[in-house]
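Here are the chains, one letter per residue:
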Amino acid sequence: MDWFEPIYDYLSNRELWADLLLRTIKIIAILVGTWLFLRIAKSTLGKVFAIRLRSPLRLSERREATLIRLIENILTYVVYFISLVMILSEFEVDVTTLIAGAGVVGLAVGFGAQNLVRDIITGFFIIFEKQFSVGDYVRISGVEGFVEEIGLRVTKIKSWTGELHILPNGNINQVTNYSIHNSIAVVDVSIAYEEQIHEAEAVIIDLMDELYEKFDAMIVKPEYLGVQDLGASEVVLRIISEVQPMEHWVIGREIRKAVKQRLDESGIEIPFPRVVMYQRDEQGEVKEKA
Amino acid sequence: MDWFEPIYDYLSNRELWADLLLRTIKIIAILVGTWLFLRIAKSTLGKVFAIRLRSPLRLSERREATLIRLIENILTYVVYFISLVMILSEFEVDVTTLIAGAGVVGLAVGFGAQNLVRDIITGFFIIFEKQFSVGDYVRISGVEGFVEEIGLRVTKIKSWTGELHILPNGNINQVTNYSIHNSIAVVDVSIAYEEQIHEAEAVIIDLMDELYEKFDAMIVKPEYLGVQDLGASEVVLRIISEVQPMEHWVIGREIRKAVKQRLDESGIEIPFPRVVMYQRDEQGEVKEKA
Amino acid sequence: MDWFEPIYDYLSNRELWADLLLRTIKIIAILVGTWLFLRIAKSTLGKVFAIRLRSPLRLSERREATLIRLIENILTYVVYFISLVMILSEFEVDVTTLIAGAGVVGLAVGFGAQNLVRDIITGFFIIFEKQFSVGDYVRISGVEGFVEEIGLRVTKIKSWTGELHILPNGNINQVTNYSIHNSIAVVDVSIAYEEQIHEAEAVIIDLMDELYEKFDAMIVKPEYLGVQDLGASEVVLRIISEVQPMEHWVIGREIRKAVKQRLDESGIEIPFPRVVMYQRDEQGEVKEKA
Amino acid sequence: MDWFEPIYDYLSNRELWADLLLRTIKIIAILVGTWLFLRIAKSTLGKVFAIRLRSPLRLSERREATLIRLIENILTYVVYFISLVMILSEFEVDVTTLIAGAGVVGLAVGFGAQNLVRDIITGFFIIFEKQFSVGDYVRISGVEGFVEEIGLRVTKIKSWTGELHILPNGNINQVTNYSIHNSIAVVDVSIAYEEQIHEAEAVIIDLMDELYEKFDAMIVKPEYLGVQDLGASEVVLRIISEVQPMEHWVIGREIRKAVKQRLDESGIEIPFPRVVMYQRDEQGEVKEKA
Amino acid sequence: MDWFEPIYDYLSNRELWADLLLRTIKIIAILVGTWLFLRIAKSTLGKVFAIRLRSPLRLSERREATLIRLIENILTYVVYFISLVMILSEFEVDVTTLIAGAGVVGLAVGFGAQNLVRDIITGFFIIFEKQFSVGDYVRISGVEGFVEEIGLRVTKIKSWTGELHILPNGNINQVTNYSIHNSIAVVDVSIAYEEQIHEAEAVIIDLMDELYEKFDAMIVKPEYLGVQDLGASEVVLRIISEVQPMEHWVIGREIRKAVKQRLDESGIEIPFPRVVMYQRDEQGEVKEKA
Amino acid sequence: MDWFEPIYDYLSNRELWADLLLRTIKIIAILVGTWLFLRIAKSTLGKVFAIRLRSPLRLSERREATLIRLIENILTYVVYFISLVMILSEFEVDVTTLIAGAGVVGLAVGFGAQNLVRDIITGFFIIFEKQFSVGDYVRISGVEGFVEEIGLRVTKIKSWTGELHILPNGNINQVTNYSIHNSIAVVDVSIAYEEQIHEAEAVIIDLMDELYEKFDAMIVKPEYLGVQDLGASEVVLRIISEVQPMEHWVIGREIRKAVKQRLDESGIEIPFPRVVMYQRDEQGEVKEKA
Amino acid sequence: MDWFEPIYDYLSNRELWADLLLRTIKIIAILVGTWLFLRIAKSTLGKVFAIRLRSPLRLSERREATLIRLIENILTYVVYFISLVMILSEFEVDVTTLIAGAGVVGLAVGFGAQNLVRDIITGFFIIFEKQFSVGDYVRISGVEGFVEEIGLRVTKIKSWTGELHILPNGNINQVTNYSIHNSIAVVDVSIAYEEQIHEAEAVIIDLMDELYEKFDAMIVKPEYLGVQDLGASEVVLRIISEVQPMEHWVIGREIRKAVKQRLDESGIEIPFPRVVMYQRDEQGEVKEKA
């Protein structure tokens, strides 16, 4: 009996049980408070956004929905976390020790999860800053295609050959968007060194006028720029044409075909690679052929 | 006797033994509590998922199993860790000191293990977001092939030449999935500069109609795009064909064969590389041959 | 009744309620103080900048607005954060524990958000140091174009072919600005090895004088530099011309065209690739052709 | 005497010596406890593994030995570390200060040692997940060869030309294993543009049947795929053959030899590079030879 | 009344107000002390530098101004920070909590700002160590040009074609300075395999003597080095000439022109690419041409 | 007098001086203890190693010396550090503050020194695991050569052309050791498409037998593998020969010379690059030459 | 009066002023102690090095000076830092708070300064380990040249074309030193396939003997290695010659010149690129030329 006395004393202590009761009540109060707080917060959030939408900021509806969902998620997790800590501290678990102990694991998790966090932060800014929209033609991290879906963590891009590229948002450093401004179709045409440049220019400029009337996608009349390069076997002339976004491939093909045919008709040569050949015999003397 | 008196006092102290007894009971209680908690938590988890499955979220069964296993694992380790700390604190080991002391080691482990954590986090998202499924043809980190297995830590991809690529999930930054959308077969055909482009076009367009009837894998009629390039020795024409996913290689080969044969029949030349050669003698004068 | 007595005692304690009241008052005081402080701080900030603007520092107006907005934002968030902590500490939530507990999450967020912070810090310096302005032609991280917008987080650059490049400021390491100094048009012309270099030089130098009178974009007379390279088949001569910023492409094309025509007129050959060919029969003896 | 009195008091204090004695006993108890714990733990570990082995998990024996050794090592170091801290705290060295002081050094060591930790963690997973076995032909980090040894820290790979590559496991990010699935031998054969594709196809398909009977390493009949490419001077046909793992090099050489001989026999030309040459005199007129 | 009594007690406590007064006085003292300290520190700093300048360290005046400004800035920010903390602690804000709370944000800022700090530290060393001066021709991080401005955060380099490169100092890892030592002009000349090497050597060495008298930028007589390479079609001879810094481009062009003309005069051939051609008929027999 | 009284009291306090004396004694005791401990530890270490050496582990003597020296160094620094902290704490310097204060500096040092730590850790493993020995031919980080020295921090490699490469051990990620296994000499020989493959095979296999008798460095008879490639102008045959480590260069040269001579003798052609040339006149008609 | 009473009490407290006095004295004592300690430490350091120099370690004098200066600097900064903290703690500034507060800034500085620390640590080891000396020809981080200066933070290398490369020591990962061992000049000579290899070998070996007598820089007789490669048009023979450090460029040029002349004299052909040409008419039949 002697040994168990302190244990008995420990268990028969009235304050222990009153304390337990009090803690139980507190825990229930925390749970109810958490639930109430979240309900109120979410409904408030909805109203705030509803008001803001009427303001000139004008987020698109889909964008708005994404933002509300994001903020709700973050809020919920933060409140849950606070409630959990409050409840745990009622259980007299030494929270600090636990957390400190979790630090080693936490360090690994923290480092490992940084990519996840970066994805979400970048995703938020892509949506918020409207860097690109679904349907835009973009180039990101070396892949090109039409944007199929913009999510908080990943963006999906469909290449024109049918592949679906799935990119974590955190990897999206540099975005090239082809769908915002008009595109420029660039066509380089080679003519032979023997041809007169000004004749070729005249033919090309005439053709440009005709083409401008034929294709609606051309915003302004195509422009002849000049002698882009003096190549090994050819003089390179450059033609550009401002067209509607993403129409530069189609228009480029049309200009290429038309220029080729017109130069053929005008008798201006598009040159093959050329080489000047000296024939010599092995004694190093110039070869006399015949 | 004098010396040992405090030790004797220390050992004969009744409260010491009562304390030991109390601690033993507490430890047993912790162990039982841990076991009970885990049992309840796991069965609850199963039920929650069972309910959720009937909801429209519809995770595939295999996916669901992976998620339940993952959550169970994490839960188990966290609960074990908490129990361990609670038991240790009963042994009066100064837990904080231990943990702080483990910090140097922990730093190294934390850094070293971050890859492991990143693998698992990324693996979780790949499974949860359905970026690709077993059997899909994908390109990841420079390797291509059919997905053979998606695990929490590694993904296995079987290349068409038979190699098995094993990729840690944390290295999967950018996924290209070929099996979701229809593929596009792209065939570039060269014709000689001497040929009339419109004649070649007519031949190709006729052929496209015939091919469309022949191959079921073609989703829509193949399309002739136009003059893709004015090369050094040839005019390059492009043909594309939307086909069922991953059929573009087969269909591409068929189109290539058919176009080659049809151009031959129509007498349209597919050109070899060309060169214009000037023969000159060493005095820099034009060579008169004959 | 016995059990509930301590709880009753707890609830009927007059100091508890007085304490609650006192805290409520303090919280209200904190909220009011926060609001007041921010109002005053913002109006002071406006005045300070108004004064500074009259000083010789002369920030452009748009730049100034960006800076004020930035400072206001940072100030607001810092004050909100302090108020929040003060209010929380009135609720007797153990703030340190909470924050320590948030550390694991915080680590991940901190790492994940560092890109965001770097974007803003770099953005601030780009604006403050006037590295480039809207409308400048720049090259950054491998993309070239006219600056369309400089923001705190991203910079937008419009390439001449119409793409819009969106660059996070933190990725802007090295800026090349073409619009600050005059540009130099560089034209390399090849002449045949058989030609006399000094003759070609005379022709080119004459032409340069003529061109200088023709094009206003040339700042000084174009300069003939000399023999840049002794190539495999040609002697390469270099001509440079200092022109107004970004006019070097246009002027370069004009010089190229003019030089080509003038060399043609002067009978100086622009050479094709050359090769000396030895014909030999298979017995290794020099072939005697006829 | 006056001065030394407190020192004398300090030394003659009976509790000091009793305390020392008590500590000595405790230290001995810790040492014995550590030794006992490790003995028991190791023998338990052996039994647990013995039981598990009968379960369907079936680790190979060598693998099992590696795992037991690893777990024993880690356990031993952890227990030693705890004992050391417990003993040090009996010496009244302020452990926390020491450890905090060691932090600067620890930081450097922690960072420096992270590679070591990563090596071991990755090594563990390579062994546990059976990514490859001794004898497999693999490609890792740009080196190829047969696996000679898999250790906890390094993996040794013997290239077919005899070099031994020693790779730290932490550098093994992406493993390509050639020994798990059947290999595919890929042979590309070129035929001249003048040949009829269907004739060549018939010859090749006939040959494939013959080869299939000749080589046991072929799993299924080799397959003729079709026109892989329309090259500059040749039509490229592709043949593939599924063979036993790593036999694709041998079989590929055999197919290449057989196809070459069969095409020779059938009079189907394997083309040399071709070029069409136009001879022209320097006045730009077509040269009339003769 | 009962309820408000403790509040009333709280507010009517005389020590509370005395305390407030004392704090106010202390804050004013801190502000005055800060102001005084900075004044004295700055004037002292100026004097210290004035003395040091007379010492043999000899920093240029502009350099000195930059350093003083830098040290003043850092000092000011540190003193402001200390004062702020001292004042805050008078307000009974729990500073530690605040700072700990700011840790999460601080981590992000700290990581984000490290580039800024690195820029300034590197900038300081570039200025202090005189790695390059304004006007020097340097190559840094892949860009080349004349240094236009060296700042604490960025360095500006003007390329010879007119672009202005703006480099953060932290990115300046490796500096190549062309303006400190004499430059070497390197000219490689090819002669035909048929020529006698010693004849060409004699011609070149003669020419070097003539050139040395003609160009003042040559520091010593140009040197003929020997047979640098036995190329496919030519023997490559190398000539070098030590010239004044950055004159190697000009002198190189002059040497190239002179050597080309002298070899022409001496009848030594500068060879075109050569090829030996065997003509064969398709039966694999040596072709007998007529 | 009034003012100095507390100071006087402070100084005349007898316990102050007794305390000082006690501390002095303790410090001396620490110093003596440190010295004793190190002596004993080092001699014990020597004995432990002496015993271990007789065990089957068999470290080479030089290796053993390196390890003992390393462990002694680390032990010494750790003991010195502990003594220093113990002495400092007797001086009543607030060690924690000092160390915390040193944290900022320590962070920089810790990061900066991590390379040093990594060098030593990797160096230890290179020595311990016998990855390579002095005299081995290895390739590490892109440099190749014979190992001249393996140190704890750097490894020195002498390339066969005489350069000495000095590599920090921490940069040694991937080691390729050529001196452990036999080398394979690989010789690729081209024969003309017109030749019969089986004839060439017979000639080569005959030659291999002769060579095997001639060169002792060949471990087994050289092996003829088959048709490695069907090139543009040639059929490539592959021969391999297993030779003593690092003899593959010498043997490769011998095989190459022998095969070339034998094929010449057998009249089997080693082909030059080939090209089929079509001559055409500019009207696109086949040229009729004469 | 009532309000100011506590303030008056505060100020008239005699212990306050005695305390101030005591602190002042302590501060002076700290300052004097710091000064004394540094004087003694520096002179001791000099003596220790003076003794060590007589030992067989033999550091060069310049090296020794650098080390003493480095250790003195580090010692001084550490002692200053300790004194500063001791003085600050006398001022009752809460040092811990300050330092913790400085943590955010410190983190940025610590990260930013790590490069600086790494530079100095690496610099120390370069000097201490004698990796290279002033005047050596080295290749580091892609730049080559003669070492001009080795500092604690940067190393300066002068390229042979005159540029000065300035490298932070922390960037020096891998050093290649050409000045320690003899260099090897490697000369590859091509001969025609038609030549007899053994004849060319005899000519070359004869020449090597002659050259060895002519050039003192050759350490041993140059060596003929054998057939290095069977190229497309030529058989490549390799000659090597061990020469004094850095003489391999000069000797290589001499060997190249001598071999070229000797092969000419012996009538052994150095081949031009070769090609076998088949002429064919467009009907795919072998062309019959006349």
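Residues numbered from 1 in each chain as written. Chains lettered and ligands numbered in written order. Predicted model: local features only at pLDDT ≥ 70, side-chain atom pairs only at ≥ 80, totals over all residues. Heavy atoms only, no water.

A tally of helices and strands in chain A yields 6 helices and 9 strands. For chain A, the proportion of its 290 residues judged to be buried stands at 48%. The contacts of chain A with a sequence gap of at least 6 include a subset with a gap of at least 24, amounting to 61%. When the accessible area of chain A is evaluated, it comes to approximately 14,400 Å², of which 58% is carbon and sulfur surface. (Helix = DSSP H or I, 4+ residues; strand = E, 2+ residues; numbered from the N terminus. Buried < 20%, exposed > 50% of the residue type's maximum accessible area, 1.4 Å probe, protein only. Contact = heavy atoms within 4.5 Å. Areas by Shrake-Rupley, 256 points an atom, 1.4 Å probe, with all protein chains shown as cover.)

A word on the sheet that holds strand β8 (residues 234-243) of chain G. Ordered in space as β6-β8-β7 (chain G), the 3 strands form an open sheet in which the pairing is antiparallel. Two strands in the sheet have a free side with no partner beyond their single neighbour: β6 (183-192) and β7 (223-230) of chain G. Going from strand to strand, the sheet's axes swing by 25° on average, the running direction of each strand aside. The pairing of β6(G) with β8(G) spans 10 bridges and is classified as antiparallel. Across the sheet, residue G:Val186 finds its bridge partner in β8(G), namely G:Ile240. Set on the sheet, helix α6 (residues 248-265) of chain F makes contact with β7 and β8 of chain G; between it and β7(G) the angle comes to about 65°. (Pairing = 2+ DSSP bridges. Axes fitted to C-alpha atoms, helices over the stretch in contact; angles between N-to-C directions.)

This brings us to the packing of aromatic side chains. Inspection of every chain in the model, using the stated rule, returns 35 aromatic pairs over all chains. Seen in terms of ring centroids, E:Tyr278 and F:Phe272 are 5.4 Å apart; in terms of plane orientation they differ by 20°. Their pairing is stacked. Here F:Phe272 lies in the loop between α6 and β9 (274-280) and E:Tyr278 lies in strand β9 (residues 274-280), a pairing that spans two chains. Put simply, the rings of A:Tyr137, A:Phe146, A:Tyr178 and A:Trp249 touch in pairs and so form one group of aromatic residues. In this structure, G:Arg153 is placed above the aromatic ring of E:Phe125, and the distance from its NZ or CZ to the ring centre is 4.4 Å. (Phe/Tyr/Trp six-rings, centres within 6.5 Å; stacked < 30°, edge-to-face > 60°. Lys NZ or Arg CZ within 6 Å of the ring centre and 35° of its normal.)

This paragraph deals with the packing of helix α5 (residues 197-214) of chain C against helix α6 (residues 248-265) of chain E. Two numbers describe how α5(C) lies on α6(E): the axes approach to 11 Å, and their chain directions differ by 135°. Classified by the angle their axes make, α5(C) and α6(E) are oblique. Two secondary-structure elements touch here, α5(C) through C:Ile197, C:His198 and C:Glu201 and α6(E) through E:Lys257, E:Lys260 and E:Gln261. Among the residues making up the contact of α5(C) with α6(E), the classes are represented as 1 nonpolar, 2 polar and 3 charged. (Parallel < 35°, antiparallel > 145°, perpendicular 65-115°, else oblique. Nonpolar A, V, L, I, M, F, W, Y, C, P; charged D, E, K, R; others polar.)

Residue and element names in this part refer to chain C. Mapped onto the secondary structure, Ile28 falls in helix α2 (residues 14-54). Among the residues examined, Ile28 registers a relative accessible area of 49% and is labelled partly exposed. On a C-alpha basis, the gap between Ile28 and Ile87 in space is 9.2 Å, while along the polypeptide they are 59 residues apart.

A separate point is the sheet that holds strand β8 (residues 234-243) of chain D. All names here are of chain D. Pairing is antiparallel across the open sheet formed by 3 strands, whose spatial order is β6-β8-β7. The outermost strands of the open sheet, each flanked by one partner alone, are β6 (183-192) and β7 (223-230). Adjacent strand axes in the sheet meet at a mean angle of 25°, parallel and antiparallel pairs treated alike.

The next point concerns a nonpolar patch on the surface. Residue and element names in this part refer to chain A. Taken together, the side chains of Ile28, Val32, Trp35, Leu36 and Ile40 present a nonpolar region at the surface, about 500 Å² in accessible area. With respect to the helices and strands, the residue Leu36 is situated in helix α2 (residues 14-54). On the basis of relative accessibility, which here comes to 41%, the residue Leu36 falls in the partly exposed class. (Patch = residues over 30% accessible without salt bridge, like charges linked within 9 Å, V, L, I, M, F, W, Y side chains within 5 Å. Salt bridge = Lys/Arg side-chain N within 4 Å of Asp/Glu carboxyl O.)

On to the UniProt feature "transmembrane region" (unreviewed entry) in chain A, then. Residues given the UniProt feature "transmembrane region" (unreviewed entry) here are residues 20-38, 67-89 and 95-117 of chain A. Its end C-alpha atoms 27 Å apart, residues 20-38 of chain A is made of 100% helix and 0% strand. (UniProt positions renumbered as here; feature names shortened; annotations may be inferred.)

Evaluation of the coordinates by the stated rule reveals 4 cavities of 30 Å³ or more. Lining of the largest cavity is provided by 23 residues; of these, A:Asp119, A:Arg153, A:Pro168, B:Thr122 and B:Ile172 occupy positions nearest its centre. At the level of secondary structure, the elements contributing two or more residues to the lining of the largest cavity comprise α4 (95-129) and β4 (164-168) of chain A together with α4 (95-128) of chain B. Broken down by class, the residue content of the lining of the largest cavity amounts to 9 nonpolar, 10 polar and 4 charged. (1 Å grid on protein atoms, 1.4 Å probe; cavity = no way out; pocket = protein on both sides within 12 Å on 5 of 7 lines; lining within 4 Å. Points joined across faces, edges and corners; volume = space filled by probe spheres on them.)

Fine structural detail should not be taken from predicted coordinates in areas where pLDDT scores are low. Residues and elements named next belong to chain A. Mean pLDDT over chain A stands at 79; residues scoring 70 or higher make up 72%. Confidence drops under a pLDDT of 50 for residues 99-104, and excluding neighbours within four residues, the segment shows 9 contacts in the predicted structure. If you check the scores for this complex, the pTM reads 0.79 and the ipTM reads 0.74. (pLDDT = per-residue confidence, 0-100.)

This brings us to the pairing of β7(D). All names here are of chain D. Relative to β8, β7 runs antiparallel, the two sharing 6 bridges. Residue pairing in the sheet places Val227 in a bridge with Leu237 of β8. Between the antiparallel neighbours β7 and β8 lie 3 residues.

Tracing the sequence through the fold places D:Ser233 in the loop between β7 and β8. Polar contacts involving the side chain of D:Ser233 include one to the main-chain amide nitrogen of D:Arg274, which spans 3.0 Å. Contacts of D:Ser233, omitting those with residues within four sequence positions, involve B:Phe272, B:Pro273, D:Tyr193, D:Pro271, D:Phe272, D:Pro273 and D:Arg274. (Polar contact = N/O pair within 3.5 Å; in protein donor to acceptor, adjacent residues only side chain to side chain.)

With that settled, the discussion passes to helix α6 (residues 248-265) of chain A. Each α-helix winds once per 3.6 residues, and so residues spaced three or four apart point in a common direction. Here α6(A) contains 18 residues, and its C-alpha end-to-end distance of 25 Å stays within 8% of the 26 Å for a straight helix at 1.5 Å per residue. For α6(A), the full list of buried residues reads A:His248, A:Ile251, A:Gly252, A:Arg253, A:Ile255, A:Arg256, A:Lys257, A:Ala258, A:Val259, A:Lys260 and A:Leu263. Looking at the buried residues of α6(A), the elements they touch are β6 (183-192), α5 (197-214) and β8 (234-243) of chain A together with α5 (197-214), β7 (223-230) and β8 (234-243) of chain B. One or two steps after α6(A), the chain reaches A:Gly267, where phi turns positive at roughly 70°. (Expected span 1.5 Å × (residues − 1).)

Along the chain, F:Arg253 falls in helix α6. An unpaired buried charge is present at F:Arg253: no salt bridge exists, and F:Glu254, the closest side chain of opposite charge, is 6.8 Å distant. A polar contact of 2.8 Å, which involves the side chain of F:Arg253, links it to the side chain of G:Gln228. Residue contacts for F:Arg253: discarding those within four places in its chain leaves G:Leu225, G:Gly226, G:Val227 and G:Gln228. (Lys, Arg positive; Asp, Glu negative; His and termini not counted.)

With that settled, the discussion passes to unusual backbone geometry. All names here are of chain E. In this structure, Ser141 is a non-glycine residue whose phi angle is positive, near 45°. Mapped onto the elements of the fold, Ser141 is located in the loop between β1 (137-140) and β2 (143-150). Residue class for Ser141 comes out partly exposed when judged on its relative accessible area of 37%.

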